[in-house]
Structure formats: C-alpha cells, structure tokens
Amino acid sequence: MRRTVFPHKVLPWLLLAPQLAITLIFFYWPAAQAFRQSVLKEDPFGLSSTFVGLANFRKVLSDPNYLNALQVTVVFSLLVAFGALAIALFLAVQAEKIIRGKGFYRTMMIWPYAVAPAIAGMLWLFMFNPSFGTLAWPLRQLGIQWNPLLDGGDAMALVVAAATWKQISYNFLFFVAGLQAIPKSLLEAAAIDGASRRHAFWTVVFPLLAPTTFFLLVVNTVYALFDTFGIIHAVTGGGPGKATETLVYKVYNDGFVNLIMGDSAAQSVILMVIVIALTAFQFRFIERRVHYA
Amino acid sequence: MARIQLHDVRKSYAGQEVIHGVTMDIADGEFVVIVGPSGCGKSTLLRMVAGLEEITSGQVSIGDRVVNDLEPRERNIAMVFQNYALYPHMTVRENMAYGLKIAGMSRPEIEAAVARAAAMLELEPYLDRKPRQLSGGQRQRVAMGRALVREPAALLLDEPLSNLDAKLRVQMRLQIRDLQQRTAQTTLYVTHDQVEAMTLADRLIVMEKGLAQQIATPHEVYTAPATEFVAGFIGSPAMNIFTVTCDDSGLLLPGGHRMPVPGLAARGEVRLGLRPEDICLVEDDSPAFPVLLRSIEWLGADAFGYGVIEGSDVQLTLRMSGQTSVARGDRLRVGLPADRLHFFSTVDGHRL
Amino acid sequence: MAARGLARTMAHFWMILGVIIVAFPIYYVFIASTHSVQTILRPPLPLLPGPEAVANYTEAFTGGVGRIGGVSLWLLLGNTTIIALGIAIGKIVISMASAYAIVFFRFPFRMACFWLIFITLMLPVEVRIQPTYKVMVDLGLIDTYAGLILPLIASATATLLFRQFFMTIPDELLEAARVDGAGPWRFFKDILWPLSLTNVAAIFVIQFIYGWTQYLWPLLVTNSNEMNTIVIALKKMISFADADTPWNLVMVTSVLAILPPILVVVLMQRWFVKGLVETEK
C-alpha cells in the first residue's frame, strides 16, 4: 500500500480503459459464452439452441475419444514436464560448478526459448523423418523400426522430445537463478559437516530449490497442456489414429474442424477448470512461500 | 519566505484521529523544530503542511494563503526527506534543476540558481555525478541544495540527519543552522533527536500522541516543561520524576523522608521533577535526604551517579562534577533546590 | 584438489553435451538450408555448410517461397514483425498504463480492477478458442492485423510485473517529485519511465518472442495467405508425404523464422533473463 498517491479521480480510469476493454471483450465475454454454450445444444444448422443442462458434459466425459485425449494429455504432460525439469536441473547444477565459460553456455542454452513450438516440432520431425531424417537414418541402420508418421508410440516420442527440448532453456534459466540464490555458506557448512557432494545436493540444495522447482512444475504443466498445441498440430495432427490427440487439440478439432459446438464448449469449460485449479494450487503455494520468506 | 499558520489542524485515518488539533504561528524566517518520539504524529503534521497528507479539519496557511486544498507544488514549499529521495537516474545538477525546470524557469536562470546553491553547499565538484556515486553526507547536501535552490516560502525537513553517522550528523547540524541563519528561510524541521531539536530551534513543538504538548523556545521547554511528558523527554540524562506528598510544611518523599520547602502552592499527591544537575550534595547540616549510590559513570568533565532514595525503590540520577570523590555504595546526603522544583499533576501531567 | 578439477571437467563435458542437444536442431536447419534438395533427401546430411547457401537464399527471397506458399518471404517476415512488435509494444503500453493507475492512484473498485485483470491469467486463448473466434467474426477482425494483435495484448503477466516494479519505487521519490511540481504525466515521463527501462526491455523481449511464436491464434483468425505469419506459412509449406516439397527453401524459411527471435534474445540477454526470472516471482 503506497502512502502517497496522485489525487486524480478520472485519470486512472482512462489509463485502465484499454486494458479493461480488451480484457472484457476478448477474455470475459468469450469465457462467459463458453459457459453458456456448454449447457446448450444447437441444431445442425445453428438456427436454434435448447438448454440441455449438463448433457454435453456427460456426453463428453463418457466419450471414449475424450477419455483417450485425457490419457494422452496426462502421459504427454508428465513426460514433458518431468523430462524438461530433470534435464534442465542436471545442466544447471553442472553450470554452477563451472567458473569460466558460464556466460557462453547460458547464451547457447537460451536459443530454443526463441523457437516457436510449431517450428520446434517441425525441426524434430525433419531430423527424425523416416525417409530422409538424418537422425532416423542411424536408427534404420541399427535395424530399429521407426516411423512416427505411422506408429503412435513413435509419434508420441517425437512430440515429447520436441516439446521437452523447447522447454529446457526456460527451466535452465530459472534453475541457474535458483541455484545462485542459495548461499554458498550453506554448502560450505554441509561440506564441513562431512556431506559428500551428492549428499549435500539432495539434502541441502534440492530442498532449497523446492520453490523454484514447484513453480516450474506448474509452468511446465501449463506449457505442456496449452503451448504445445503448435507442436501437435504441425507434426502429427493428433495422429496417427488419435495417439497424440491432447485435450487442447481436441477442443480445436471439435470446434473448428468437426464443428460440434456444445461438445467443444463443454471441453473448454473443463479445461478452464483445470487451469483455475492449477493456478489456485500455485497461489496457495506462493502464499505459503511469502509467509516463510 | 513567509509565515506559516496552523489553526486547530486535525488528521484522522479511517475515523481514528491521530493529530488532535495543533495551533501554531510560525513567524517569517523562524526555525521551528517538531520533536517527539516515533509515532507521535510529527511527520504527519509536517506532511500536512507539505500537502502530502490531506488535512481532515482545521486550516493551514502559508504566507497569506490558505493552502488546505492546494497541491504540494502550488504551496511553494520545498522538502528534504529522511532518505533524501534523490532521483537516482539524474545527476546532482539535474536533481537540483528539476523543480525549477517544471516551474518553467529559463535555462540561464536555472543554471545561476543551481550554481548559487551548489556554491553555498560546496557541491560544485559533484554536479555531474549521479546520487549513487556520492557519500551519505554529500547526498544529504544535495537534498538540501534541491530544496534551497527553489527559494521556497517554507523549507520542510523530515528527519534529514537520521541516516548519517554521529560525527557527520553534528557537522551537518551546524551547517543547517548556519544556512538557515544566512538565508532567513522559514523552516519546519522534524526530528526525534532532542539534541538536534534543542540546538537548531528558535522554537520547539514537543509532540506526543498527536498532541502538541508544548510550543516554546528551547530554554523555556527545558526550564519550564509544560507537562510531565515534556519534562521527561527533553534533557539528558532524563529528569527524575516521582510522586511526593505536599503539605503546609513541605514535601514527604518516598521512603518517608520529610523535606521542608517553604511556600508550596500544591497540596496532596503530586509528581515532582528534578533535573539531575539541580540535585546538590549537602555537606553542612541543612535539610537533606539520604540516597544510596548504586553506580557511577565517569565521563570526564561530568559524572553521573545512579542511586535510590533510602527506604524506597525510587531511582535518582545525579549529575556531579568530574572531580567528585564519591564512590559506589556511598550514602549521600542530598538537598532540594527550592527554586528548581517542577511539579506536575498526577491526574493529567500538566505543570502545576 | 584433483577431485575438484575432475568434477569441473565433467561439468564441462555435460554442458557441452547439453549445448549440443539444445543447439543441434537449430544448427542442423541452418546446414540444411545451405544444401540442395537432393543432398537433403539423401541422409545423412553433411555436418558442414554446403555450397548452395547463396543460391538457396537468393531463390527464397526472389520468389521461391512465393511459388510454394503464394506469399513472398518478405511479406511473411513483414507480417510476423508487425504482429510481434504490435503485441510487444501494445502490451507494454497498456499494461504500463494500467499498472500506473493501480499503483499511483486511489479510486473506487481499484482492487476489483486489479483482480479482473489478474484472473485473465487463468483464461489462455486455448480454453476459449471458439467463442473468441466468434467475437472476432462479429467485430470483422478476421484477416486483419488488429485481429491478430488486439486479443493478445491484454496480459496479466506484464501488468503484474510493472505493478510489482512500481511498488518498489519509494514513496519519497513520488513525494519529492510532487513537491518539485510534477503531475502524473511528468512524474511518469521524467522519473518512472527512465527507472523502468530495464523492465521494459525485458518485457519487450519476452513479448516479442511470444508474438513471433504465436500459432493457434493466427491459424484461426487468418484465412487469406496474405496475412500469414512465417510460422503458419512454414507449416503450410511442409508436406512430409509429398516428395515435391522444395526442402532447401523450407529450410531457408525455417532459418528466417527462427533467427530474428534468437537474435533478440541473445542480444538482449541481460535484461531478458532478469525480466523473465523476475516476472514469475
């Protein structure tokens, strides 16, 4: 709370107006529409709609395709979040040990952050393209069957790799910052207490990194849920079959390709609930962190 | 330059009154210090004069204008803040010139004014530095310069020396006093430090709990404190204050000692105030009461003795000469200077 | 001491491996963009730049890309730049304005406004695709720059960052400025803006990347190829099943889609890292 402020009464509203207008028009109004549509059923020509209560939700939640998408999403998100966090943490810990060349490594590590997810996906598909991908070629030489365009498991592996690759930079930057914030005296104390480096890492560094890790876990989950749409759309289109159809991809597909509005809206609402739950989760945590900080 | 008048100035936050009506007339060119413990409302009062806090009721005038509803910049005041509040991205020169620039002064005029203020404060070598390249004392001088360069109607200072170390504080105190006398600038100065208050002020406002306990010259405040609070707050070491009973013949002290004091107006229980330096050791057989000396602090020219009145647990501080030969554990015979006694009401603390 | 030296050598080894994994795909695209289609299609691809660099880039810029996607590479780069800059600058302007209002003024419903903006963190485009699309249609914003930019410039993140930064400005600085005679505009222009530059730079980088890498939104609100961003155009150019894809030109386009944001990030690294790590706290 500031002690001193400007006394103007109208000016702040003028300053807020653009943001509020955009927020209301492009955020709240559509969100409200999604809620409305999720309880309506439109006739095929879109001329009239009737209130159907929770029927759309019931239909969506009992749809095997939806449950499949849910499962795909969970698997995909877990793999991406865990993979990107583990690799980034490992590299950040290595970077901490280095004295000379830290800046160089960081510069090199940042690059993927600037690459669009869709392009990341295309790069990986290009490298692992079964017919001419340079990295698919050694696999074939080794006699490994590899075809992400036909095999669901291969396709999943590819999109997970691309999505993970892109997220490593971001996590790396945060882990490096987090590690730097840990007072060196604590590590020295642990060393004097006779802890090995490995032991000191798991008993001192890792617990102190917990806030960063937790924050990144939420961010990575949100990333895997939403931002990876581009990867899926550009690389697999949800296929082969529905092996890589995530929840977000399905919302898009049902709403824009298959034009099933009620279902799509119900799915949107479910997604919204997931995001709100994640954010609330994060918030409770942040509150706690502020409390202890 | 102008006089400042406060008339029954009050401030409330969310219905809670924190300044309970302060009335004062500050003459043109006068140096007034508001002093009090933290939370007494002294800064709030200053900020109300500055226009940084709204005035809940009452009236503030600067010069001949009522300024209650004017913005700070329309009041023609300048202010020095405790943490200086220098603009970190501007050089010393730019910091000092900023207010003049906004006021629309021409470039040569600004330059002349800045040069004048810089010369006065010996800031010329630092004009092109940024605040972070300056020491604490230099920053403090820049803050002063930024205020003085405007030649305001009133100069307001909010604990301007409290971020400096002790030695620098003494230097700057002298410099501020000297500057104020040279410029004859009407000045309102807030501090919690009674030494600053006593040495700088033409007049003091001693505040406690949102009330002006006393408005008077330092001498008056010291020799005739208006309330028990003022008596205890001003003076170091603090005044001895304890409860005694008055009757026709004199005082009944704690521990049952009776001291004849002729011509007392007060009757019954009152609070008696005794400055440590006013207490005298009695060597002849004139009236005295016994004090057991618990410890002694020798400071060179002076020595402070700390004891209790025999037969009670009332503590007494005595200021003695550095040449004194008394020692810890001595039983002293102490007399009361009849003309230096301060009496305060046990009910409201007012001077009797 | 020897153990520590070994640990450091190992650390370098892992970092180099990490950098190879992270940078290889990008390097690989660049290499591919300097080879002919035939070389690209016959794996493995050489690890060094080929002789076709000049030819490929010249062809791509002089209409090669246009023949595949119907739009010239220049237009794609232009569109993407306009959108990325529009989003970055737009966000900075409106979120700074709203954070300024929330921090430096008192007015009824101030906190309600803050929450209204804050909650939008929980409403990513993806969860409200369809109804937002309908709003765009109703407002006639399909296939317009406004349609591509406006919905993306309201951002709780940037507002939060500015709010947080503004709250660290000491009260006395504002008071000194007010005593010096500065009103809201002067205070902003002379004091707050110069002090915010680092934050502005950080947000600019983050939002420029955000704008440049948009995918779902441009996919939805553009029908005409003329409005394509380079990312969308690239997706449209690639058909892995189709043997006729001019891979050399696709690779040139990929390089150009990746390069500008990478340059922005690397060149503005110092502010970007600070801003990124601070935004999320």
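Note that the coordinates shown come from a computational prediction; the quantities given were computed from them, not determined experimentally. Positions within a chain are numbered from 1, following the residues in the order the chain's sequence is written. As they are written, the chains are lettered A onward and the ligands numbered 1 onward, keeping that order. Local features in this predicted model are restricted to residues whose pLDDT is 70 or higher, and side-chain atom pairs enter the listing and the counts only when it is 80 or higher, whereas totals over whole chains, interfaces and linings include all residues.

## Notes on the overall build of chain A
- Under the DSSP-based scheme used, a helix requires at least four consecutive residues in state H or I and a strand at least two consecutive residues in state E, with every element numbered from the N terminus. When its secondary structure is counted, chain A shows 12 helices and 2 strands.
- In terms of overall dimensions, chain A has C-alpha extents of about 75 × 75 × 30 Å along its principal axes.
- Counting other C-beta atoms within 10 Å of its own, a residue is labelled buried from 20 upward, exposed at 12 or fewer, and partly exposed in the gap between, with every C-beta atom placed from the backbone. The buried share of chain A, taken over its 293 residues, is 42%.
- Here the contacts in chain A between residues at least 6 apart in sequence split such that 68% fall between residues at least 24 apart. Once C-beta atoms are placed from the backbone, any two residues with those atoms within 7 Å are in contact.

## Examining the overall build of chain B
- Of regular secondary structure, chain B possesses 8 helices and 20 strands.
- On the principal axes, the C-alpha backbone points of chain B span a range of 75 × 45 × 35 Å.
- Pairs at least 24 apart in sequence give 63% of the contacts found in chain B among residues at least 6 apart.

## Things to note about the sheet that holds strand E12 (residues 250-252) of chain B
Residue and element names in this part refer to chain B.
- Read from one edge to the other, the open sheet built from 5 strands follows the order E13-E12-E11-E14-E20, with strand pairing classed as antiparallel. Both edges of this open sheet fall to strand E13 (258-260) and strand E20 (342-344), since each of them pairs with a single strand only. Strand-to-strand, the axes of this sheet are offset by a mean angle of 40°, without reference to chain direction.
- Should DSSP find at least two bridges between two strands, the strands are regarded as paired. Sheet analysis places strand E14 (residues 268-274) next to E20, joined by 3 bridges and oriented antiparallel. Within the sheet, the bridge partner assigned to Leu272 lies in E20 and is Phe343. Simply put, an axis is a line fit to the C-alpha atoms, just over the touching stretch for a helix, and the angle between two N-to-C directions goes from 0 to 180 degrees.

## Here's the deal with helix H2 (residues 92-102) of chain B
- Most of H2(B) is tucked away: 8 of the 11 residues are buried.
- Following H2(B) by one or two positions, B:Gly104 adopts a phi angle in the positive range, close to 85°.

## Some words on the sheet that holds strand E5 (residues 65-66) of chain B
- Read across the open sheet, the 4 strands follow the order E2-E1-E4-E5 (chain B); overall the sheet is antiparallel. Each edge of the open sheet is held by one strand with a lone partner, namely strand E2 (16-26) and E5 of chain B.

## Concerning the pairing of strand E17 (residues 302-309) of chain B
Residues and elements named next belong to chain B.
- By the bridge criterion, 7 bridges tie strand E16 (residues 289-298) to E17 in an arrangement that is antiparallel. Bridge pairing links Ile296 to Gly305 in E17.
- Connecting E16 to the antiparallel partner E17 that follows it, the hairpin turn spans 3 residues, and Gly300 within it adopts a positive phi of roughly 110°.
- Here E17 runs beside strand E18 (residues 315-321); their pairing, made up of 7 bridges, is antiparallel. Within the sheet, the bridge partner assigned to Val308 lies in E18 and is Gln315.
- Linking two consecutive strands that pair antiparallel, namely E17 and E18, is a turn of 5 residues; a positive phi of about 85° is found at Gly311 within it.

## Things to note about unusual backbone geometry
Residues and elements named next belong to chain B.
- For the peptide bond that leads from Ser236 to Pro237, omega is -5°, which places it in the cis range.
- Mapping Pro237 onto the fold places it in the loop between helix H8 (228-233) and strand E11 (240-246).
- Backbone geometry at Glu151 places phi at a positive 45°, although glycine is not the residue there.
- When you line up the elements, Glu151 lands in the loop between helix H4 (136-148) and strand E7 (154-158).

## Side note on the domain arrangement of chain B
- Residue ranges assigned to the domains are those given by an automatic or database domain assignment. Here chain B is partitioned into domain 1 (4-229) and domain 2 (240-344).
- If you average the C-alpha positions of domain 1 of chain B and of domain 2 of chain B, the two centres end up 40 Å apart.

## Structural notes on the confidence of the model for chain A
Residue and element names in this part refer to chain A.
- Every residue carries a pLDDT, the predictor's confidence in it, which falls somewhere between 0 and 100. Chain-level pLDDT for chain A is 82 on average; 95% of the residues reach the 70-or-more range.
- By mean pLDDT, helix H12 (residues 261-292) is the weakest element of chain A at 72, and helix H3 (residues 64-97) is the strongest at 90.
- Between residues 289-293, whose pLDDT stays under 50, and residues either more than four places distant or in other chains, the model counts 1 contact.

## Section: the packing of helix H10 (residues 184-212) of chain C against helix H13 (residues 247-267) of chain C
All names here are of chain C.
- The geometry of H10 relative to H13 is characterised by a closest axis approach of 10 Å and an angle of 170° between their N-to-C directions. When the axis of H10 is compared with that of H13, the two are roughly antiparallel. Contact with H10, carried on its side by Val205, Phe208, Ile209 and Trp212, involves Pro260, Pro261, Val264 and Val265 of H13 and no other residues of that element.
- Only Asp, Glu, Lys and Arg are considered charged, only Ala, Val, Leu, Ile, Met, Phe, Trp, Tyr, Cys and Pro nonpolar, and every remaining residue, Gly among them, polar. Residues of the contact of H10 with H13, tallied by class, amount to 8 nonpolar, no polar and no charged. Comment on the angle field: the value is read as roughly parallel under 35 degrees, roughly antiparallel over 145, roughly perpendicular from 65 to 115, and oblique elsewhere.

## Thoughts on the pairing of strand E1 (residues 4-13) of chain B
Residues and elements named next belong to chain B.
- Bridge count between E1 and strand E4 (residues 57-62): 5 bridges; the pairing is antiparallel. In the strand pairing of E4, Ile4 is matched with Ile62.
- Bridge count between E1 and E2: 8 bridges; the pairing is antiparallel. Bridged to Leu6 within E2 is Met24.
- Joining the antiparallel neighbours E1 and E2 is a turn of 2 residues, in which Ala14 adopts a positive phi near 50°.

## Re the interface of chain C and chain A
- At the junction of the two partners, chain C supplies 78 residues and chain A supplies 80 residues.
- No other element matches the 14 residues that helix H1 (residues 2-32) of chain C contributes to the side of chain C that touches chain A.
- Partitioning the side of chain C that touches chain A into residue classes produces 58 nonpolar, 11 polar and 9 charged.

## Comments concerning helix H11 (residues 247-257) of chain A
Residue and element names in this part refer to chain A.
- Taking burial as the measure, the 11 residues of H11 include 9 buried ones, the bulk of the element.
- Among all positions of H11, only Leu247, Val248, Tyr249, Lys250, Val251, Tyr252, Asn253, Asp254 and Gly255 are buried.
- After H11 finishes, the residue Leu259 shows a positive phi value of roughly 55°.

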